[in-house]
Amino acid sequence: MADSSVDVIEGCRLPVLRKNQENEDEWPLAEILSVKEIPGRKLYYVHYIDFNKRLDEWVTPERLDMKKLQFPKKEAKTPTKNGLPGSRPSSPEREVRKSLDLNLQTATAPSRGKTLPTPKRKAESVSLATQVSPATPVPSLPGLAEASQVSVYPAVRDTNTFNLKSNAHDDHEQLTSLTTVHQHFITFPLICFPRCANVYLPPGEDSQDSSDGIPSAPRMTGSLVSDRSHDDIVTRMKNIDCIELGRHRLKPWYFSPYPQELTTLPILYLCEFCLKYLKSLKCLQRHLTKCNLRHPPGNEIYRKGTISFFEIDGRKNKTYSQNLCLLAKCFLDHKTLYYDTDPFLFYVMTEYDSKGFHIVGYFSKEKESTEDYNVACILTLPPYQRRGYGKLLIEFSYELSKVEGKTGTPEKPLSDLGLLSYRSYWSQTILEILMDLKPDNGERPQITINEISEITSVKKEDVISTLQYLNLINYYKGQYILTLSEDIVEGHERAMQKRHLPIDPKCLHFTPKDWSKRGKW
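Residues numbered from 1 in each chain as written. Predicted model: local features only at pLDDT ≥ 70, side-chain atom pairs only at ≥ 80, totals over all residues. Heavy atoms only, no water.

- Under an unreviewed UniProt entry, the name given to the chain is Histone acetyltransferase KAT5, and the organism recorded is Oncorhynchus kisutch.
- What UniProt records for the chain under Sequence similarities (unreviewed entry) is the sentence "Belongs to the MYST (SAS/MOZ) family."
- The annotation that UniProt attaches to the chain under Subcellular location (unreviewed entry) is "Nucleus". (UniProt positions renumbered as here; feature names shortened; annotations may be inferred.)

Shown next, in the form of structure tokens:
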């Protein structure tokens, strides 16, 4: 449908032909991000509007619908503060960002161990700007964290009359008790998690863009959240065509700041043990004769069957940690890269065979987190996705929190896939506890939100949001109760049958360190 008489330029929008999940043709609106010429024709790099960036691709002119071409609108030039013309109109949000960036760029790095109103560590993000993290507080139900106990009602009733939203005016009342009710009238499927009016969502948690909110103050510790306000055309486009890692070839989803001379290669070769990047297969083969690693550097703190976890200190193994971040950035859009990996620990999950320990996925966490974050980045590599490894990584992060005697939560915002994985894990873990409750001396079993949080090490706000997301919390006869339908119970049992890789705490050999007492990590 391309019309050779019309010149398509960057910024244009038009429908582009693509295949959907059912392998059917569709014409979603897309934006032209870049144009390049190869011998014989042009290629256009397009971003499908309202689609995830990992679907961006190079397309041929035949896939463009030129009849509905929209040229980019010219923005009115406005004078800037110094009197020079600007290309974009100013806005209060942009002015706030500029002031934040200016403050961060002019601030000096404080000494280790001191609390100052400036970031501790220098970092270079993918967008070549200083990182600001939107540390959005998670709201909670009034008094819910202090709720006394949960009872189990054997009664059957229609809970639509007593849902949480309809009793919003009772927020001032203390939540006296929560009751688990097995009933038949309402169903909330466990796997699908349908959105409904009573769903409670922490603000910004399932946002695709972390730049929606402006942080009130800079974070005092390391963060891997990407500041999307500094995105440009370069970082919006995938720059690596293919990565060969061991026996797998991976197609990157997003931009990653590998050296520019490597981005023109058809295949980027990585050593699967030390993650060093090389430009050719011959270089990789020569490297493998010298590389003595057959597992990630660091301490092996867990092994059961063929699954192992290695703890890697970002200061002691800086090169490996940086290479791991470069690889992870190919598949994580919401996180940025910190070349100063000193403040982080990396936990790499591997699968063992006769050739060595092959990387499956990893998560990172801050050595010291004032926001109770137990995960900064988390990733399962694409060849191992949809096999239960994601939940295994999440479960392992909470097992570490249990050993540390803390509750934890992942750093926000979560990616779309990360949000689904965490919601599923939280739901299954909390439902498992509720379904194991037994009557006590003929009385209905009771449990508090705090007790659920202590048992699971899941932060109270995440427990509350999960219960409300599943619409389990209801208000009945002056108290808050939990309603479990037969469909939820059956769905939960089916989901648990699919989890063949639970973490065995007996196989964990981990001693937490008190990083606050160390002058330098």
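## Remarks on the overall build of the chain
Then, in step 1: Across its full length, the chain holds 9 helices and 23 strands.
Then, in step 2: Each of the 521 residues in the chain was classed as buried or not, and the buried ones make up 50%.
Then, in step 3: If you take every contact in the chain between residues at least 6 apart in sequence, the share linking residues at least 24 apart comes to 68%.
Then, in step 4: Entry remark: accessible area of the chain is about 26300 Å², with carbon and sulfur atoms responsible for 51%. (Helix = DSSP H or I, 4+ residues; strand = E, 2+ residues; numbered from the N terminus. Buried < 20%, exposed > 50% of the residue type's maximum accessible area, 1.4 Å probe, protein only. Contact = heavy atoms within 4.5 Å. Areas by Shrake-Rupley, 256 points an atom, 1.4 Å probe, with all protein chains shown as cover.)

## Some details on a negative patch on the surface
Then, in step 1: On the surface, a cluster of negative charge is contributed by Glu-486, Asp-487, Glu-490 and Glu-493.
Then, in step 2: If you trace the backbone, Glu-493 turns up in helix 9 (residues 486–498).
Then, in step 3: The exposure class of Glu-493 is partly exposed, given its relative accessible area of 41%. (Patch = residues over 30% accessible without salt bridge, like charges linked within 9 Å, V, L, I, M, F, W, Y side chains within 5 Å. Salt bridge = Lys/Arg side-chain N within 4 Å of Asp/Glu carboxyl O. Lys, Arg positive; Asp, Glu negative; His and termini not counted. Charge placed at Lys NZ, Arg CZ, Asp CG, Glu CD.)

## Considering the sheet that holds strand 12 (residues 248–250)
Then, in step 1: Strand order in the open sheet formed by 4 strands is 12-11-13-14, and the pairing between neighbours is mixed. Unpaired on one side and paired on the other, strand 12 and strand 14 (277–278) mark the two borders of the sheet.
Then, in step 2: In terms of strand pairing, strand 13 (residues 268–270) meets strand 14 through 2 bridges, oriented antiparallel. Residue Tyr-269 lies in a different strand from strand 14, and its bridge partner there is Leu-278. (Pairing = 2+ DSSP bridges.)

## Here we look at unusual backbone geometry
Then, in step 1: With an omega of 0°, the peptide bond between Lys-412 and Pro-413 qualifies as cis.
Then, in step 2: Along the chain, Pro-413 turns up in the loop between strand 21 (409–410) and helix 6 (416–435).
Then, in step 3: A positive phi is found at Arg-386, a non-glycine position, where the angle reads about 65°.
Then, in step 4: Tracing the chain through its elements places Arg-386 in the loop between strand 20 (377–380) and helix 5 (389–404).

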